[in-house]
Amino acid sequence: MNRSFSSVSRSWALALGVSLSLLSGVCLAERAPMQPLPSPSGIDFPKSANADGTQAQSQPANPPIWNSANSDPYNFVSIPDKEASVLIQRAGEQWRLIRNGVITVYGAWILAIAFFGIAALFIIKGPIKLHAPLSGQKVKRFNGFERFTHWVMAASFIGLAFTGLLILYGKYFAMPLMGGVAYGSFLMVCKNIHNYSGPLFTLSVVIFFLLFATRNIPGQGDLTWIKSFGGMFGGKHPPAGFFNFGEKIWFWFGMTFLGLIISGSGFVLDMIVPFMQVEYLRGTMQLANIVHSSASILMTAMAMGHIYIGSIGMQGSSDGMMTGYVDATWAKEHHEIWYNKINK
Ligand code: HEM
């Protein structure tokens, strides 16, 4: 293993570890004092009101008015926007506590576990090497359009993940560093990058799905792959078709399922849902936000594993997506069933 690279990656691992641990600490610190305070954010209660929005016993003036203002059910308005009659939406506070507590804290843990798991794998086991020497004989794996679609998807996803994480976590580390005004402008740029790369990502996911769905249908070799856990148990690399079972999970669950959930909820948040009439209530946006951020965190964690295996984690794996060709030794060792088929 290259020494200078390994020490650089170790420092990166350490830096990210410290920052993620601090980050989840900061998120928890923000959440902790909020627990007993389910008061609607930004609302200055009159001194006579309780923290939960009900009127204090000592001053029971207008409790019915306050209760009807601070309630989720609709009151009466004569304009078409019925939700305008809900002055204070109590569910908003629940959403805020979920977003700035459950999602930020558990999300940071999921990302940290994925990152450190991969870093540990790299440091302890190192990259997966080929057993036989390279043959020098090239085998065609992907055409130009397939590679172009993959890289558009990868670039837009990385842009989305980077800006999305800044939107979710930026206030804990970037805002204190930059100051509120600069951070506000910076986040506005991030938000626009995020909003415009979203549809590009969706389009690339759909095209990629059409290009590769048939090659990801479960088939010969998958059961052996599952039984030996992708070759981790049993020592021998299980023979696989064009894609192995691990890649198929990434294709169906990671890219297709999570990709489409993220895209669908993203379109709701962008208010550009095609072919559908969405009723834009506050609850709609809150639910879309929770679904969007949870699925995005999960996909980012999975993408870390994919990016690792597709780059520094496995000798020769990036060649196919970079050049369109792989070495015959790599094809034989990692996708033997496919290799034998094209060699017939
Ligand atoms: C810079 C980051 C990335 C690198 C280096 C990378 C690398 C690769 C490589 C080398 C392959 C081909 C593997 C093979 O020949 O069997 C591949 C396939 C694939 N990549 Fe990536 N990738 C990256 C980012 C992404 C992202 C962000 C996504 C999804 C949003 C993605 C989705 C896929 C999918 C779905 C496949 C095909 C797997 C299958 O269909 O079973 N990649 N990638």
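All values derive from a computational prediction rather than experimental measurement.

> Sorry, what's going on with the overall build of the protein here?
Along its length, the protein carries 11 helices and 2 strands. The helix and strand sequence of the protein, counted from the amino end, reads α-α-α-β-α-α-α-α-α-α-β-α-α. Relative to its 344 residues, the protein shows a buried fraction of 23%. The long-range share in the protein, meaning contacts at least 24 apart out of those at least 6 apart in sequence, stands at 68%.

> Where do I start with the site of the ligand in this structure?
Within the structure, the ligand sits among 22 residues, and Ala154, Glu247, Phe251, Gly310 and Gly320 are positioned closest to it. For the shell around the ligand, the secondary structure elements donating two or more residues are helix H4 (144-178), helix H7 (245-270), helix H8 (282-310) and helix H9 (319-323). With 5 residues, H7 is the largest single contributor of residues to the shell around the ligand. Classifying every residue of the shell around the ligand gives 11 nonpolar, 8 polar and 3 charged.

> Sorry if this is basic, but what is going on with the packing of helix H5 (residues 180-212) against H7 here?
Describing two packed helices takes the angle between their axes plus the distance from one axis to the other. H7 packs onto H5 with a crossing angle of 145 degrees between their chain directions and a minimal axis gap of 10 Å. In the packing of H5 onto H7, the handedness of the crossing is left-handed. Across the interface between the two elements, Asn195, Gly198, Phe201, Thr202, Val205, Phe208, Phe209 and Phe212 of H5 pack against Phe251, Met255, Thr256, Gly259, Leu260, Ser263, Gly266 and Asp270 of H7.

> Can you walk me through the environment of tryptophan 330 in this structure?
Its location among the elements puts tryptophan 330 in helix H10 (residues 328-334). Exposure remark for tryptophan 330: the 23 C-beta atoms within 10 Å place this residue in the buried category. When the C-alpha positions of tryptophan 330 and serine 317 are compared, they lie 7.8 Å apart, and in sequence the two are 13 residues distant. Apart from residues no more than four positions distant in its own chain, tryptophan 330 is found in contact with Leu130 and Gly316.

> Could you clarify how one ought to interpret the environment of glycine 230 in this entry?
For glycine 230, the position within the fold is in the loop between helix H6 (222-227) and H7. Not counting the four nearest positions on each side in its chain, glycine 230 is found in contact with Trp225, Pro238, Asn244 and Gly246.

> Even after reading the chapter, I still don't get the confidence of the model for the protein, so can you show me in this structure?
Any segment with low pLDDT has predicted coordinates that should not be analysed in fine detail. Residue-level pLDDT values for the protein average 85, and 81% of them are 70 or greater. Between residues 20-42, whose pLDDT stays under 50, and residues either more than four places distant or in other chains, the model counts 36 contacts.

> Could you clarify how one ought to interpret the packing of H7 against H8 in this entry?
In the contact formed by H7 and H8, the axes pass within 8 Å of each other and the chain directions differ by 150 degrees. The orientation of H7 relative to H8 falls into the category roughly antiparallel. Taken as a pair, H7 and H8 cross one another with a handedness that is left-handed. For the pair H7 and H8, the contacting residues are Trp250, Gly254, Leu258, Gly259, Ile261, Ile262, Ser265, Gly266, Val268 and Leu269 in the first and Thr284, Met285, Ala288, Asn289, Val291, His292, Ala295, Ser296, Leu298, Met299, Met302 and His306 in the second.

> I tried to follow the nonpolar core on my own but got confused; where do I start?
The tendency in soluble globular proteins is for nonpolar side chains to be buried as a group. Ranked by internal contacts, the top residues of the largest apolar core, which has 21 residues, are Leu298 and Met299. Elements supplying a minimum of two residues to this core: helix H3 (91-124), H4, H5, H7 and H8. Considering each element in turn, this core owes the most residues, 6 residues, to H8. Residues contacting methionine 299, with those up to four places away along its chain left out, are Gly254, Leu258, Gly259 and Ile262. Val326, Ala331, Trp338 and Tyr339 belong to the second-largest nonpolar core, a separate cluster that totals 6 residues.

> Even after reading the chapter, I still don't get unusual backbone geometry, so can you show me in this structure?
Most peptide bonds take the trans configuration, and most residues that are not glycine carry a negative phi. The phi angle at methionine 271 is positive, at roughly 60 degrees, despite the residue not being glycine. Looking at the secondary structure, you find methionine 271 in the loop between H7 and H8. Overall, methionine 271 belongs to the exposed group, with 10 C-beta atoms counted inside 10 Å.

Reading guide: rules and limits
Residues numbered from 1 in each chain as written. Predicted model: local features only at pLDDT ≥ 70, side-chain atom pairs only at ≥ 80, totals over all residues. Helix = DSSP H or I, 4+ residues; strand = E, 2+ residues; numbered from the N terminus. Buried ≥ 20, exposed ≤ 12 C-beta atoms within 10 Å, placed from the backbone. Contact = placed C-beta atoms within 7 Å. Near = placed C-beta within 6 Å. Nonpolar A, V, L, I, M, F, W, Y, C, P; charged D, E, K, R; others polar. Axes fitted to C-alpha atoms, helices over the stretch in contact; angles between N-to-C directions. Left-handed = near helix turned anticlockwise from the far one by under 90°. pLDDT = per-residue confidence, 0-100. Parallel < 35°, antiparallel > 145°, perpendicular 65-115°, else oblique. Core = buried A, V, L, I, M, F, W, Y, C linked by C-beta atoms within 7 Å.

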